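Descriptive analysis of the structure
Residue-level listing of the chains:
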Amino acid sequence: MLIQNYNVVSVMSGTSLDGIDILCSNFSFKEEWKFKIIQFETIPYSLKWKQKLKTLTQLSKVELKQIDDDYSKYLAYQILEFINKNNLKAIDFIASHGHTALHNPDKGYTYQIGNQSVISKILKHKVVCDFRVQDVELGGQGAPLVPIGDELLFSKYNYCINLGGFANISFKENGERIAFDICPVNIILNYYVAKLDLDYDDKGEIAKSGKINKQLLEELNKLPFYNLQPPKSLGLEWVQEIVLPIIESYNLEVRDILRTINEHAAIQISKYLYQNNLNTLITGGGAYNLFLIERIKRLSSSKIIIPNTGIIEYKEALIFGLLGVLKIRNEINCLKSVTGARKDHSSGRILEP
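Below is a summary of the structure that appears in this document. (Residues numbered from 1 in each chain as written. Predicted model: local features only at pLDDT ≥ 70, side-chain atom pairs only at ≥ 80, totals over all residues. Heavy atoms only, no water.)

With that settled, the discussion passes to the environment of Lys156. Position of Lys156 relative to the elements: it lies in the loop between helix H5 (147-153) and strand S7 (159-163). Assessed through its relative accessible area of 66%, Lys156 is described here as exposed. Note: C-alpha distance between Lys156 and Val254 (98 residues apart in sequence) is 39 Å. (Helix = DSSP H or I, 4+ residues; strand = E, 2+ residues; numbered from the N terminus. Buried < 20%, exposed > 50% of the residue type's maximum accessible area, 1.4 Å probe, protein only.)

On to the side chain of Gln78. Along the chain, the position of Gln78 falls in helix H2 (residues 61-85). Looking at Gln78, the relative accessible area reads 16%, which means it is buried. Those residues in contact with Gln78, other than ones at most four positions away along the chain, are Ile20, Ile22 and Ile43. (Contact = heavy atoms within 4.5 Å.)

The set of residues buried in helix H1 (residues 47-54) consists of Trp49, Lys50 and Leu53. The arc enclosing the buried residues of H1, seen along the axis, measures out at 105°, which places them on a common side. Residues of H1 that are exposed and point over 90 degrees away from its buried face: Leu47 and Lys48. As for H1, its buried residues are in contact with H2, strand S4 (93-104) and strand S5 (109-113). (Arc of directions from axis to C-beta.)

Take the nonpolar core next. If you look at the biggest cluster of nonpolar residues, it comprises 48 residues, and the most contacted ones within it are Leu163, Ile247, Ile269 and Ile296. Broken down by secondary-structure element, the contributors of at least two residues to this core are S7, strand S8 (166-173), strand S9 (176-184), helix H6 (186-193), helix H8 (214-221), helix H9 (236-248), helix H10 (254-270) and helix H11 (290-299). Tallying contributions element by element places H10 first for this core, with seven residues. If we skip the residues at most four places from it in the chain, Ile247 touches Ile188, Tyr192, Leu216, Ile257 and Ile261. (Core = buried A, V, L, I, M, F, W, Y, C linked by side-chain atoms within 4.5 Å.)

Pairs of aromatic rings are described using the distance from one ring centre to the other and the angle between the two planes. Inspection of every chain in the model, using the stated rule, returns 14 aromatic pairs. Between Phe131 and Phe320, the ring centres sit 5.6 Å apart and the planes meet at 50°, which makes this aromatic pair tilted. Remark: Phe320 occurs in helix H12 (residues 309-328) and Phe131 occurs in the loop between strand S6 (127-129) and helix H4 (133-137); sequence separation between them is 189 residues. The pair formed by Phe131 and Phe320 is uniform in burial state, with each residue classed as buried. In textbook terms, an aromatic cluster arises when at least three aromatic residues are bridged by ring pairs, as seen for Tyr159, Phe171, Phe180 and Tyr272. For the cation-ring pair, Lys232 lies above Phe225, with the distance from its terminal atom to the ring centre recorded as 4.5 Å. (Phe/Tyr/Trp six-rings, centres within 6.5 Å; stacked < 30°, edge-to-face > 60°. Lys NZ or Arg CZ within 6 Å of the ring centre and 35° of its normal.)

Another aspect to go through is H12. Since one α-helical turn is 3.6 residues long, residues separated by three or four positions face the same way. With 20 residues, H12 ought to run about 28 Å at 1.5 Å a step, and its terminal C-alpha atoms sit 28 Å apart, in line with that. Along H12, the largest kink reaches about 70° and is centred on Lys315. Put simply, Asn308 is the residue that caps the front of H12, since its side-chain oxygen is 3.1 Å from the backbone nitrogen of Gly310. Positioned one or two residues after H12, Asn330 has a phi angle of 55°, which is positive. (Expected span 1.5 Å × (residues − 1). Bend = angle between axes of the 7 residues up to and from the residue. Polar contact = N/O pair within 3.5 Å; in protein donor to acceptor, adjacent residues only side chain to side chain.)

Below, the structure written as C-alpha cells:
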C-alpha cells in the first residue's frame with residue numbers, strides 16, 4: 001500500500017540565476033494533496049558559477065559533461081549543508097530539477113546539469129531528478145512542468161503566473177490544464193541591470209525612471225513566438241539568438257531598455273488576463289518588481305494576488321518536490337495537455353544511493 005505522507009527536500013535553479021532554491025516540505029494525501037513548507041533558503045551563486053552557467057549554450061559536449069559533473073557535486077554539498085544546518089530528519093528523498101543547460105524541444109533535446117548519480121552517493125538518499133527528458137522523448141516541450149502542481153495544490157486560483165527568467169502561465173480550459181511560457185522577464189532585466197553592477201532592479205525603480213522606446217516595443221511584440229499556439233516554451237538560446245540582438249541594435253540607455261522590457265512583459269502577460277472576477281496568483285522573483293506588477297494590474301482585468309514569501313520564492317521548488325512524490329508513486333506528473341507529449345506520463349529518473 002502507498003504511504004500518504006512524504007518529507008521531501010527539493011532543489012531548483014532557474015534561468016534568472018538568482019541562486020539555488022532549497023526547500024524542505026511535507027506532502028500528505030487524504031482525498032486531495034496538501035503541503036506544508038518546513039524550511040527554505042536560497043544560496044546565491046558565486047561570480048565564478050554565474051559566469052559558468054551563463055555560457056552553457058556555447059560549450060562543447062566534453063566541456064558540458066565536465067561542468068555537469070562539477071555542478072552535481074556542488075549541488076549535493078549545498079543540499080547536505082542545508083540538511084545538516086536545519087537538522088532535518090526522516091527525509092524520504094531529494095527532488096532535484098538541476099539547472100537547464102540546453103533546451104530546444106523542437107530539435108528533440110533538453111539537458112539539465114546537476115542530475116548525476118554522484119548526488120545520491122554524496123547525500124546517501126534516494127534522488128528523483130531529470131524530470132524533462134522523458135517528456136521531450138515523447139514529443140513534448142519538456143516544459144512547463146509546474147502546472148501539475150497548480151492543478152493539485154493551487155486549483156483555487158483561476159490563473160497561476162510565475163515571473164522568473166521567463167513568465168509562464170497555467171490555467172484550466174475545457175476541463176484540461178493548459179500552460180506555456182509567455183515571454184522573457186528577469187532573464188533580460190537582470191542581464192541589463194548587471195551592466196550597472198546590480199543583481200536586479202529593486203522594485204523596478206530604475207525601469208520606472210526610464211522611457212519606453214516605442215519602436216523597440218513594437219518590434220518585440222511582433223516576435224513570431226507570440227503568435228504560436230501552445231504548447232510552447234522558451235529557452236536561453238532564443239533570448240541570445242533573437243531577442244538580445246534586437247535590443248542591442250537600438251543602442252539605448254539601460255533604464256530605457258528596462259522600461260521597455262517591463263512594458264513588453266506587462267502587455268504579453270495581460271493578454272491572458274482579460275476576464276473580470278477571476279483571480280491570478282503571481283509568484284517568482286518578478287513578484288517583487290512592483291513596477292511590473294503595477295503595469296500588469298493597469299493593463300489587465302484580473303484580481304492580482306501576491307502570496308507570502310515562501311510561496312513567491314519557492315513555489316517552483318515546492319512543486320518539483322510534488323513531481324518527485326508522484327514519480328515515486330508511479331503516478332502522472334506530466335500532462336500532455338500542457339507539454340504536447342503523446343500521453344500523460346510519470347517523468348523523472350530515480351537514483352539510489
